[in-house]
Amino acid sequence: MATVNTRDVIVIGGGIFGLSCAWSCLKRGLSVTVLEGNYIGSGASGGVMGAMSPNVPERWNDKKQFQLDALLSAAEHWAEVEEVSGKSTGYGRIGRLIPVMDEHGLGHAQKRAVDASTFWQGKATWTIREAEDYAPWIDPDAAPLGVVHENLSARIFPLAACLALARAIEAKGGEILEGWRVTEIGDHEVSGVSGTLKAGAVILSAGAESFPFLEPFLGPDAGFGVKGQAALLTGADMASAPTIFANHTYIIPHADGKVAVGSTTENTWDDPRSTDERLNEVIIRARAISPPLRDARVALRWANLRPRGKKPDPMLGRVPGAEGLYLATGGFKIGIGISHAVGEALAGMVAGETPYLPEKFFVRLPKPKA
Ligand SMILES: Cc1cc2nc3c(=O)[nH]c(=O)nc-3n(C[C@H](O)[C@H](O)[C@H](O)COP(=O)(O)OP(=O)(O)OC[C@H]3O[C@@H](n4cnc5c(N)ncnc54)[C@H](O)[C@@H]3O)c2cc1C
């Protein structure tokens, strides 16, 4: 039998975007139900990586400023979530090391040090140091011309962050229904096998599974899933190490002593959740960069789909042509770092405010083909 209820906001998807939207809506006094088709963190957000890193500080634009503001406000946000939920998220602003490989890279690094001092407004630094200073964590052969050390980057354990947010949402009076898969979205309502629910606004944040729902409004190619594989290693002594980014590989020392390494970027795949030799190659690269990983044991291999729009920008805001439907997806490779700022923007829109967003982040109709 169909159930019909009314609340201010329904959020589709219990990943980091959906939960962040729900949290910010609740903070505005709105009543919220999150519908999660599987379980909290069962999509891209339930992974092991969790780098919260800036784009390089050059050719500054409103997107980089948005990301900077998000990274700078993340500590306060996650501290509040931890306090309300009583659960750890593994957040820490531990910085990032980037080995310098050649003269070309050194020139870029030096220019970025100057740009960082301008654009990061004294709130974070980008310095170039001797590789030997970081010898316990980076093989000097992997950093022949030194190491960039920036202290803006942070890390979080994504699944822990989702679980803490979910608990905080419930503590604030929000409702979370797991195993509630939405099959249809109508005007101010959603339907699934469990019935039909109504709300003043519906926020679609179903990750890579958002795109089929958008077809009637944005056409068939609004976005797609990009597969990524990552691993979690145990037994490496890297507790006081920053994150490391080298040779297309992230190495993320987590708060519990485990170290995540990743990721692959795959536009085609058969099974979004399988891991294979491409992940082995990532692990080999990580071990070449970082000596403590050479004897570390692989504890977990993990894969999922990053939601990506046609452009790699987030897709946010009111869906054109749809009644009461908002979109929060397209986090692609930076979704975790900007999630709380995305939640704030969406909640602001739903509440009738006009929050600031970079122009390119607004979801819009595709340009007609010439
Ligand atoms: C290997 C890998 C490494 C990454 N590393 C980083 C990183 O270091 N830093 C970073 O910032 N980002 C990283 N990302 C990207 C980041 O994980 C994503 O941008 C982010 O998690 C997307 O969150 P989301 O909430 O939009 O989607 P998801 O986390 O996928 O959440 C969508 C949720 O919606 C649910 N759902 C789907 N369809 C329905 C339906 N019909 N009804 C109800 N529920 C539904 C799903 O079950 C899922 O739980 C990485 C991604 C991968 C795969």
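As the structure is a computational prediction, the values presented were derived from the model and not from experiment.

**Student:** What am I meant to see in the overall build of the chain here?
**Tutor:** In terms of helices and strands, the chain carries seven helices and 18 strands. Computed over its C-alpha atoms, the radius of gyration of the chain comes to 21 Å, within 12% of the 21 Å expected for a compact globule of 370 residues. For the C-alpha atoms alone, the extent of the chain along its principal axes is close to 65 × 45 × 40 Å. Per-residue burial for the chain yields a buried fraction of 50% across its 370 residues.

**Student:** Quick question: what am I supposed to make of the site of the ligand here?
**Tutor:** Of all residues adjacent to the ligand, which total 41 residues, the nearest are G15, G43, G207, G228 and G335. Mapped onto the shell around the ligand, the elements with two or more residues apiece are α1 (16-27), β2 (32-36), β12 (223-234), β16 (297-309) and α7 (335-350). Among the residues making up the shell around the ligand, the classes are represented as 14 nonpolar, 22 polar and five charged. Split by domain, the shell around the ligand shows at least three residues from each of two domains, domain 1 (6-47 + 159-222 + 310-361) and domain 2 (93-152 + 224-309).

**Student:** Would you mind going over helix α6 (residues 277-289) with me for this structure?
**Tutor:** Between its terminal C-alpha atoms α6 stretches 19 Å, which fits the 18 Å expected from 13 residues at 1.5 Å a residue. Looking only at α6, the buried set comprises L279, V282, I283, A286, R287 and I289. All buried residues of α6 lie within an arc of 160 degrees about the axis, which places them on one face of the element. When the buried face of α6 is taken as reference, the exposed residues oriented beyond 90 degrees from it are E277 and I284. If you follow the buried residues of α6, they end up packed against β12, β13 (243-246), β14 (249-253), β15 (259-262) and β16.

**Student:** Help me understand helix α5 (residues 211-218), please; the structure alone is not making it clear to me.
**Tutor:** For an α-helix, the turn length of 3.6 residues means that residues three or four places apart are oriented alike. The set of residues buried in α5 consists of F211, F213, L214 and L218. Looking down the long axis of α5, one finds its buried residues gathered within 140 degrees of arc, a one-sided arrangement. For α5, the exposed residues lying more than 90 degrees away from the buried face are P212, E215 and P216. Packing partners of the buried residues in α5 comprise β9 (182-186), β11 (195-204) and β12. Of the residues one or two after α5, G219 is the one with positive phi, at around 90 degrees.

**Student:** How should the nonpolar core be read in this particular structure?
**Tutor:** A general tendency of soluble globular proteins is for nonpolar side chains to be buried together. Counting 120 residues, the largest nonpolar core has V202, I203, V261, Y326 and L346 as its most contacted members. Among the elements that line this core, the one with the most residues is helix α4 (residues 158-171), at ten residues. Counting residues domain by domain, this core receives three or more from each of domain 1 (6-47 + 159-222 + 310-361) and domain 2 (93-152 + 224-309). Apart from the residues lying within four places of it in its own chain, the contact partners of V261 are A230, A231, L233, T249, Y250, I251, V282, I283 and A286.

**Student:** Just checking my understanding: could you explain the pairing of strand β17 (residues 315-318) for this structure?
**Tutor:** One face of the sheet, then the other: side chains in a regular strand alternate in exactly this way. Where β17 lies against strand β18 (residues 325-329), four bridges are found, and the strand directions are antiparallel. Bridged to G317 within β18 is L327.

**Student:** I keep staring at the packing of helix α2 (residues 62-85) against α4 and nothing clicks. Help me out?
**Tutor:** Each packed pair of helices is defined by two parameters, the angle between the axes and the distance between the axes. At a minimum axis separation of 8 Å, α2 and α4 run at an interaxial angle of 60 degrees. Between α2 and α4, the angle falls in the class oblique. For α2 against α4, the interelement crossing comes out left-handed. Note on element contacts: α4 touches α2 through A164, L165, R167, A168 and A171, opposite V81, E82, V84 and S85. Across the contact of α2 with α4, the residue classes break down as six nonpolar, one polar and two charged.

**Student:** I'm lost on unusual backbone geometry in this one. Help?
**Tutor:** In this structure, the amide linkage connecting G262 to the following residue, S263, adopts the cis form with an omega of -5 degrees. In this structure, S263 sits in the loop between β15 and α6. Positive phi is not limited to glycine here, since H248 has a value of about 60 degrees. Inspection of the secondary structure puts H248 in the loop between β13 and β14.

**Student:** When you look at the domain arrangement of the chain in this model, what are you seeing that I'm missing?
**Tutor:** How big an interface is tends to be stated in terms of accessible area lost as the parts join. The assigned domain composition of the chain is domain 1 (6-47 + 159-222 + 310-361) and domain 2 (93-152 + 224-309). Counting residues at the interface gives 18 residues for domain 1 and ten residues for domain 2. In terms of residue class, the side of domain 1 that touches domain 2 is made up of seven nonpolar, seven polar and four charged.

**Student:** Got a minute to help me understand the packing of α1 against α7 in this structure?
**Tutor:** Where α1 contacts α7, the two axes come as close as 7 Å, and the packing angle between them is 45 degrees. Regarding the angle of α1 to α7, the classification is oblique. α1 and α7 meet at a crossing whose hand is right-handed. On the side of α1, the interface is formed by I16, F17, S20, C21, W23, S24 and C25, while α7 contributes G335, I336, S339, H340, V342, G343, E344, L346, A347 and V350. Taken together, the residues that form the contact of α1 with α7 break down as ten nonpolar, six polar and one charged.

**Student:** Would you mind going over the sheet that holds β13 with me for this structure?
**Tutor:** Hydrogen bonds between backbone atoms are what pair the strands of a sheet, whose relative direction is either parallel or antiparallel. In spatial order, the strands read β5-β6-β4-β13-β14-β15-β12-β16; together these eight strands make up an open sheet with mixed pairing. Each having just a single partner strand, β5 (126-129) and β16 make up the two edges of the open sheet. Taking each pair of neighbouring strands and ignoring which way they run, the sheet shows an average axis angle of 20 degrees. Lying over the sheet, α6 contacts β12, β13, β14, β15 and β16, oriented at roughly 70 degrees with respect to β14.

Cut-off values and rules
- Residues numbered from 1 in each chain as written.
- Predicted model: local features only at pLDDT ≥ 70, side-chain atom pairs only at ≥ 80, totals over all residues.
- Helix = DSSP H or I, 4+ residues; strand = E, 2+ residues; numbered from the N terminus.
- Rg over C-alpha atoms; globule rule 2.2 N^0.38 Å.
- Buried ≥ 20, exposed ≤ 12 C-beta atoms within 10 Å, placed from the backbone.
- Near = placed C-beta within 6 Å.
- Nonpolar A, V, L, I, M, F, W, Y, C, P; charged D, E, K, R; others polar.
- Domains from an automatic or database assignment.
- Expected span 1.5 Å × (residues − 1).
- Arc of directions from axis to C-beta.
- Contact = placed C-beta atoms within 7 Å.
- Core = buried A, V, L, I, M, F, W, Y, C linked by C-beta atoms within 7 Å.
- Pairing = 2+ DSSP bridges.
- Axes fitted to C-alpha atoms, helices over the stretch in contact; angles between N-to-C directions.
- Parallel < 35°, antiparallel > 145°, perpendicular 65-115°, else oblique.
- Left-handed = near helix turned anticlockwise from the far one by under 90°.

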